[in-house]
Amino acid sequence: MSHDFPSKLKTFCENTRGTLGEPELLLRDHSLVGFYHLFGELGRWNASVRCLSQSSPGNLKIALGIISSGFRAHHPLKLCEECTRAQETELGFSYWVLQHQLPGVLTCPTHTRPLVEMQTKANGLARFQWSLPEARKSGVLLRSYEGARTEAAAEFSRFVSTAHHCFAGKPIQHSLLVLSFRDALRERMMLSDGGRLRMQAITQEYRTALDGFEHIQELSPLVPAQSALSTQLAKLFGNLDGHVHPLRYLAIAFWLFRGATPFELAIKAARYQGAKEEAASAPQVFEDRNTLLDSRVSKALEQGQSIRAIADSIGIDTATAMSVAARLSYVVKRRPKKLVHLLRERIVALLLEGHLVSEVAKLANVSSSTVAKLLSSTVGLAQDYKAAREQRLKDEYRTRWLDVVRSQLALSKKLLRTLDPAAFTWLYRHDRTWLHESMVHVVKAQPIRPYRIDWQARDDALHNCLQRAVAANLRGQPDRAYRMCDLYALVPDLRAKLAELQRLPRTAKLMEFLVTRPKHSREVISRKLAPILL
Ligand SMILES: [Zn+2]
């Protein structure tokens, strides 16, 4: 059973008779699959659960964009030595902790201590066997994340771990994520009135929040060089179709919200706002609810209940119950007329201009409920109002959209729509032909060029890593030459870099040196590595 993306869980559950939980629970609480589904559609998570219940991950890692993400795609097992000690004292054995395994978590969220990376399962050997952290005693420690001993890295580890706890198994839709990000940016005055991103300020603050990440190998893809960062962030603030490594979104959320709780609240607010926009552009959602309400009210009226009693039993106010009854053409006693004729005319006129009920109330100096009552109890008015409202919305959204298009001719369609998602969505649903025509001059989406890789730095890092690993490994080893698979075991990153070896000359030379010395290897190597051993 693979520890990061376990598979065939249905069989596993049958064999364990479900005592360890159902596949979905196992994937959420005991694997990294939940982490890679923190953002996106719920359907995608359900599909992955189905896939891993029945069969193997197949190309799931590719489908989730992990392979091409710029972050490492293997997940070495990590542990906190303090946690392990505590478990051993308490239970007599130690176990792997899920929050330590999450990508981006490099220090223990409980002890703020750099985690250590173990060799267990790091290479292909014994990949499917059970193993516990006690193996560390036999000295197979790969490396410690000492570099992550900064305040920002520790806080980020805590943030990732708590966010995972909040959202695993309940993915956040991309649209909500983008909405919450944009709201936070607006609060920080990083969005212009036209909704344009103020990239300079954004990249500057983002970089400050993630201070020092560029020196930590696992986190460095989050903070590339200036121009690449700007492109990357602009893309993330608009990306709606997934295939983005969760750490990239988490890094932005970490900067904008600092804590997982404010992040959660912002998502809730976005969900509420999104629902409101949805309601404004899709009245049919409420029509269903109305049908349900109608049937309940009509049933109660037939049983001879009073309006008051019906309202109380359903949990709506009396006025609503009355208007439902009116819609169903039941004769109900009306309250004394509050509206004089002229005022009534004025309200109707304002409604037919397509103003919102609350605006009409303000303009006519009456309460919203008075307007709403008039609207629901006058025959035919509701339909006319709906049409007028639609026309007004159309005009409003067209104007807003044209502002966006005219001010941002250089942006792609994909990015354009994120500048005013509400207008875009509404027009897409109700006025699509016009929307397409408005964008004939807009440039086609340009694929974002991957940021330039600093091969020399990568080469140096890998070379030093290998050198250190070999030096540490040399002590107490029998005298024999290294095989390639020994080198992978010491530095798992090497395997992924094989195809790029011609760009990593120092590393390549060292590898060559290590594997092509059949005799006296230990002496020769010791001499070469002498400065490090000292
Ligand atoms: Zn710990």
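No experiment lies behind these values; they were computed from the predicted model shown.

## Quick notes on the overall build of the protein chain
- Summing up its helical and strand segments, the protein chain has 27 helices and 3 strands in all.
- A burial count over the protein chain gives 44% of its 534 residues as buried.
- Long-range pairs, those at least 24 residues apart, make up 68% of the contacts in the protein chain with a sequence separation of at least 6.
- Looking at the protein chain as shown, the accessible area adds up to about 29200 Å², and 53% of this sits on carbon and sulfur atoms.

## Side note on the coordination of the zinc ion
- Bound to the zinc ion on the protein side are Cys80 (SG), Cys83 (SG), Cys108 (SG) and His111 (ND1), at distances that span 2.0 to 2.3 Å.
- Considering all 4 donor atoms around the zinc ion, the spread of angles at the metal, 104 to 113°, places the coordination shape in the tetrahedral class.

## Some remarks on the confidence of the model for the protein chain
- Residues at a pLDDT of 70 or more form 83% of the protein chain, whose mean pLDDT is 80.
- When the criterion is pLDDT under 50, residues 282-287 qualifies, and its contacts beyond four places in sequence or with other chains add up to 4 contacts.

## Let's talk about unusual backbone geometry
- Despite not being glycine, Lys8 shows a phi value in the positive range, around 50°.
- Mapping Lys8 onto the fold places it in the segment before helix H1 (9-15).
- Lys8 gets classed as partly exposed once you look at its relative accessible area, which sits at 47%.
- Located in the positive-phi region is Arg258, a residue other than glycine, with phi close to 70°.
- Along the chain, Arg258 falls in the loop between helix H11 (246-257) and helix H12 (260-281).
- With a relative accessible area of 39%, Arg258 lands in the partly exposed category.

## Description of the pattern of salt bridges
- In total, this model carries 11 salt bridges according to the counting rule given.
- In this structure, Glu155 and Arg258 form a salt bridge, with 3.2 Å as the shortest nitrogen-oxygen distance. With Glu155 in helix H7 (residues 151-167) and Arg258 in the loop between H11 and H12, the pair connects residues that are 103 residues apart, well separated along the chain.
- Note on Glu155: relative accessible area 26%, which makes it partly exposed.
- Through salt bridges that share partners, Arg72, Glu117 and Glu218 make up one connected network.

## Quick look at helix H5 (residues 81-91)
- When we look at burial in H5, the residues that qualify are Cys83, Thr84 and Gln87. An end-on view of H5 places all buried positions within 100° of arc, on one side of the element.
- Considering only its buried residues, H5 is in contact with strand S1 (78-79) and helix H6 (98-101).
- Phi turns positive, to about 90°, at Gly92, one or two residues after H5.

## Structural notes on the packing of aromatic side chains
- Within this structure, the stated rule accounts for 16 aromatic pairs.
- Arranged with centres 5.3 Å apart and planes meeting at 70°, the rings of Phe39 and Tyr249 form a pair that is edge-to-face. A residue pair is termed long-range when its members are at least 10 positions apart, and Phe39 in the loop between helix H2 (23-30) and helix H3 (42-54) and Tyr249 in helix H11 qualify at 210 residues. Here Phe39 matches Tyr249 in class, with each residue buried.
- With centroids separated by 5.8 Å and ring planes inclined at 20°, the aromatic side chains of Phe424 and Tyr428 adopt a geometry described as stacked. Of the two residues, Phe424 and Tyr428 are both situated in helix H21 (residues 421-430); the distance of 4 residues between them amounts to about one turn of the helix.
- By relative accessible area, which is 13% here, Phe424 ends up buried.

## Re the nonpolar core
- Formed by 79 residues in total, the largest nonpolar core has its most connected members in Phe181, Tyr206, Leu222, Trp255 and Phe263.
- Excluding its chain neighbours within four sequence positions, the residues that come into contact with Phe263 are Phe39, Phe159, Phe167, Ile172, Leu177, Phe181, Ala253 and Phe257.
- Judged by nonpolar contacts, the second largest core, of 20 residues, contains Leu466, Val470, Tyr482 and Tyr488.

## Examining the side chain of His245
- Secondary-structure assignment places His245 in the loop between helix H10 (226-236) and H11.
- In this structure His245 touches Phe35, Tyr36, Ser69, Phe71 and Pro103, once residues within four positions along its chain are discounted.

## Some words on the packing of helix H8 (residues 174-187) against H11
- Closest axis-to-axis distance for the H8/H11 pair is 10 Å, and the angle between their directions is 35°. Helix-helix and strand crossings are classified by hand; for H8 and H11 the assignment is left-handed. Residues His174, Leu177, Ser180, Phe181, Ala184 and Leu185 of H8 touch H11, and the partners they reach there are Tyr249, Ile252, Ala253, Trp255, Leu256 and Phe257.
- Class assignment for the residues of the contact of H8 with H11 results in 10 nonpolar, 2 polar and no charged.

## Some points on the packing of helix H16 (residues 341-352) against helix H17 (residues 357-364)
- The N-to-C vectors of H16 and H17 enclose an angle of 140°; their axes lie 10 Å apart at closest approach. The interaxial crossing formed by H16 with H17 has right-handed handedness. Residues Leu343, Arg346, Ile347, Leu350 and Leu351 of H16 form the contact with H17, whose participating residues are Val357, Val360, Leu363 and Ala364.
- Of the residues contributing to the contact of H16 with H17, the split by class is 8 nonpolar, no polar and 1 charged.

Cut-off values and rules
- Residues numbered from 1 in each chain as written.
- Predicted model: local features only at pLDDT ≥ 70, side-chain atom pairs only at ≥ 80, totals over all residues.
- Heavy atoms only, no water.
- Helix = DSSP H or I, 4+ residues; strand = E, 2+ residues; numbered from the N terminus.
- Buried < 20%, exposed > 50% of the residue type's maximum accessible area, 1.4 Å probe, protein only.
- Contact = heavy atoms within 4.5 Å.
- Areas by Shrake-Rupley, 256 points an atom, 1.4 Å probe, with all protein chains shown as cover.
- Donors = N, O, S within 2.8 Å, 3.2 Å for Na, K, Ca; no water.
- Tetrahedral: all angles 85-135°; square planar, octahedral: opposite > 155°, others 65-115°.
- pLDDT = per-residue confidence, 0-100.
- Salt bridge = Lys/Arg side-chain N within 4 Å of Asp/Glu carboxyl O.
- Arc of directions from axis to C-beta.
- Phe/Tyr/Trp six-rings, centres within 6.5 Å; stacked < 30°, edge-to-face > 60°.
- Core = buried A, V, L, I, M, F, W, Y, C linked by side-chain atoms within 4.5 Å.
- Axes fitted to C-alpha atoms, helices over the stretch in contact; angles between N-to-C directions.
- Left-handed = near helix turned anticlockwise from the far one by under 90°.
- Nonpolar A, V, L, I, M, F, W, Y, C, P; charged D, E, K, R; others polar.

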